[in-house]
Amino acid sequence: MCLLRNELLSFNSCCLTNFAKKLSDIEVLRLRKGKCFTASALKDLFESGEMKNLVHLNLAECMYVNNEVVKSICLRFGRFLCTLDLSWCSEVTDKGLETVVSSCRALYELKFTGIDLIVGSSFRNIPDTMPFLRILDLERCSNIDDSILVEVVGKMPSISIVDYYGKLIRAGAKS
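Residues numbered from 1 in each chain as written. Predicted model: local features only at pLDDT ≥ 70, side-chain atom pairs only at ≥ 80, totals over all residues. Heavy atoms only, no water.

Looking now at the confidence of the model for the protein chain. Looking at the protein chain as a whole, its pLDDT mean stands at 87, while 86% of the residues score no less than 70. Of the regions scoring below 50 in pLDDT, residues 1–10 engages in 13 contacts with residues more than four places distant in sequence or in other chains. (pLDDT = per-residue confidence, 0-100. Contact = heavy atoms within 4.5 Å.)

If you want it as structure tokens, here you go:
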């Protein structure tokens, strides 16, 4: 059951996949705060073959998003996604980040706000693998070394990176 008296009870794989079938031409999908979406349901959703036109995906605060879900997203949509928001998806680690950086060439905006499990060494690959990236939001990511971010900005002056404190790191200076 998906809804009862306007309260979200649970979304299982079948429910999410049926949802996707009804929105096969969708370009923007926001499942923000999807606390009932299990990792297996989300994985099935993104592997379903539906949503062929998806270019903007927001999974912020979906607590069960993990590296396997990220891998499914990247395999299915990585070449086409323009924006991806995985903010506060606390199960995502550097492995998931590496998958995004190596697979999502078309990304313009990437949000990883509040993910403490990432160190971010794969960010060094952004200038080579993500040439269109302009916004990288890493606010409240406590384990990322700012020197990595400064290095990325030095190689890619068109990017704006938001650091732990919400300050912009841009070419030439940190503001």
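Time to look at the nonpolar core. By size, the foremost hydrophobic cluster in this structure holds 48 residues, and its most contacted members are Phe 46, Val 65, Val 100, Phe 112, Phe 123 and Ile 126. If sequence neighbours within four positions are ignored, Ile 126 has contacts with Val 101, Pro 131, Leu 133, Leu 136, Val 152, Met 156 and Ile 159. (Core = buried A, V, L, I, M, F, W, Y, C linked by side-chain atoms within 4.5 Å. Buried < 20%, exposed > 50% of the residue type's maximum accessible area, 1.4 Å probe, protein only.)

Right, let's talk about the pattern of salt bridges for a bit. Side-chain pairs of opposite charge can arise whenever the charged atoms involved come near each other. Scanning the model with the defined rule gives five salt bridges in all. The salt bridge partner of Glu 61 is Arg 32, with a shortest N-O separation of 3.1 Å. Remark: Arg 32 occurs in the loop between β3 (28–30) and α2 (39–47) and Glu 61 occurs in the loop between β4 (56–58) and α3 (67–77); sequence separation between them is 29 residues. Look at Glu 61 and you get partly exposed, because its relative accessible area is 21%. Arg 124 is paired through a salt bridge with Glu 151; the nearest N and O atoms lie 3.1 Å apart. Of this pair, Arg 124 sits in the loop between β6 (109–111) and α5 (126–129) while Glu 151 sits in helix α6 (residues 146–155), placing them 27 residues apart in sequence. (Salt bridge = Lys/Arg side-chain N within 4 Å of Asp/Glu carboxyl O. Helix = DSSP H or I, 4+ residues; strand = E, 2+ residues; numbered from the N terminus.)

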